Amino acid sequence: GFGAFMANSARNFSQFQTAESQGWENRQQGYLSELALVSAYALMTLLTSADQEAATKELKPYLQKPFKAALAAIEKRFPNLPTEIEAIDLTEWQ
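My aim in this report is to walk through the structure given alongside it, one point at a time. (Residues numbered from 1 in each chain as written. Predicted model: local features only at pLDDT ≥ 70, side-chain atom pairs only at ≥ 80, totals over all residues. Heavy atoms only, no water.)

## Some remarks on the nonpolar core
In summary, soluble globular proteins display a tendency toward joint burial of nonpolar side chains. For the record, the criterion: We define the nonpolar core as a collection of buried residues of types Ala, Val, Leu, Ile, Met, Phe, Trp, Tyr and Cys that are connected through side-chain atoms lying within 4.5 Å of one another. The cut-offs for exposure are 20% and 50% of the maximum accessible area for each residue type, with area from a 1.4 Å probe on protein chains only; residues under the lower value are buried, those over the upper are exposed, and the others partly exposed. Secondary structure follows DSSP: runs of H or I at least 4 residues long count as helices, runs of E at least 2 residues long count as strands, and numbering of each begins at the N terminus. The contact criterion used is simple: two residues touch if any of their non-hydrogen atoms lie within 4.5 Å.
Ranked by size, the top nonpolar core spans 12 residues in total: Val38, Tyr41, Ala42, Leu46, Ala55, Leu59, Leu63, Phe67, Ala70, Leu71, Ile74 and Leu81. Secondary structure elements with two or more residues in this core: helix H2 (34-47) and helix H4 (61-77). It is H4 that provides the largest number of residues to this core, a total of five residues. When sequence neighbours within four positions are dropped, the list of residues in contact with Leu46 reads Gln52, Leu71, Ile74, Glu75 and Pro82.

## Focus: the environment of Ala70
Summarising the element assignment, Ala70 is placed in helix H4. Take Ala70: its relative accessible area is 10%, and that puts it in the buried class. Put simply, Ala70 and Ser39 are 31 residues apart on the chain and 5.5 Å apart in space, counted from C-alpha to C-alpha. Aside from chain neighbours lying at most four places away, what touches Ala70 is Ser39 and Ala42.

## Remarks on the pattern of salt bridges
One side chain can pair with another of opposite charge once the charged atoms of both are near each other. Spelled out, the test is: Here, a salt bridge means any side-chain nitrogen of Lys or Arg that lies within 4 Å of a carboxyl oxygen of Asp or Glu.
Applying the stated criterion across every chain yields a total of one salt bridge. In this structure, Lys57 engages Glu53 in a salt bridge whose closest nitrogen and oxygen atoms are separated by 3.4 Å. A residue pair is termed a helical-turn pair when its members lie 3 or 4 positions apart in one helix, as Lys57 and Glu53 do in helix H3 (residues 52-57) at four residues. The residues Lys57 and Glu53 share a single accessibility class, namely exposed.

## Brief notes about the packing of H2 against H4
Going by this rule: For every element, the axis is a line fit to its C-alpha atoms; helices are fit only across the contacting stretch, and the angle between N-to-C directions ranges from 0 to 180 degrees. Roughly parallel means an angle under 35 degrees; roughly antiparallel means over 145; roughly perpendicular covers 65 to 115; every other angle is labelled oblique. By convention, the crossing between two helices is left-handed when the near helix turns anticlockwise from the far helix through less than a right angle, and right-handed when the turn is clockwise. Put simply, Ala, Val, Leu, Ile, Met, Phe, Trp, Tyr, Cys and Pro go in the nonpolar bin, Asp, Glu, Lys and Arg in the charged bin, and everything else, Gly too, in the polar bin.
For the pair H2 and H4, the least separation of the axes is 9 Å and the interaxial angle reads 55°. One element, H2, and the other, H4, form an angle in the oblique class. For the pair H2 and H4, the crossing hand works out as right-handed. Here Glu34, Leu35, Val38, Ser39, Tyr41, Ala42, Leu43, Thr45 and Leu46 of H2 lie close against H4, whose contacting residues are Tyr62, Leu63, Pro66, Phe67, Ala70, Leu71, Ile74 and Glu75. Taken together, the residues of the contact of H2 with H4 sort by class into 13 nonpolar, two polar and two charged.

If you want it as structure tokens, here you go:
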């Protein structure tokens, strides 16, 4: 959904041609890098227990490997992340 949309639109490549020149253009949109957005998408995928394979397929092909790496890193570092998040008492943050 929304996470994949943001990650996929963070950087755009396009070809251009004028009477004088031709080439490729690379444009980054927004403040977060593609890798930051892919990591956030991986985090949300894990927290919502979304289908990881389906989430991977929503990304541009070159973002799929970093997405899988982010999933693996988060799962390794925080194996019980959803449970740990649910246990946080937000009233203690006041």
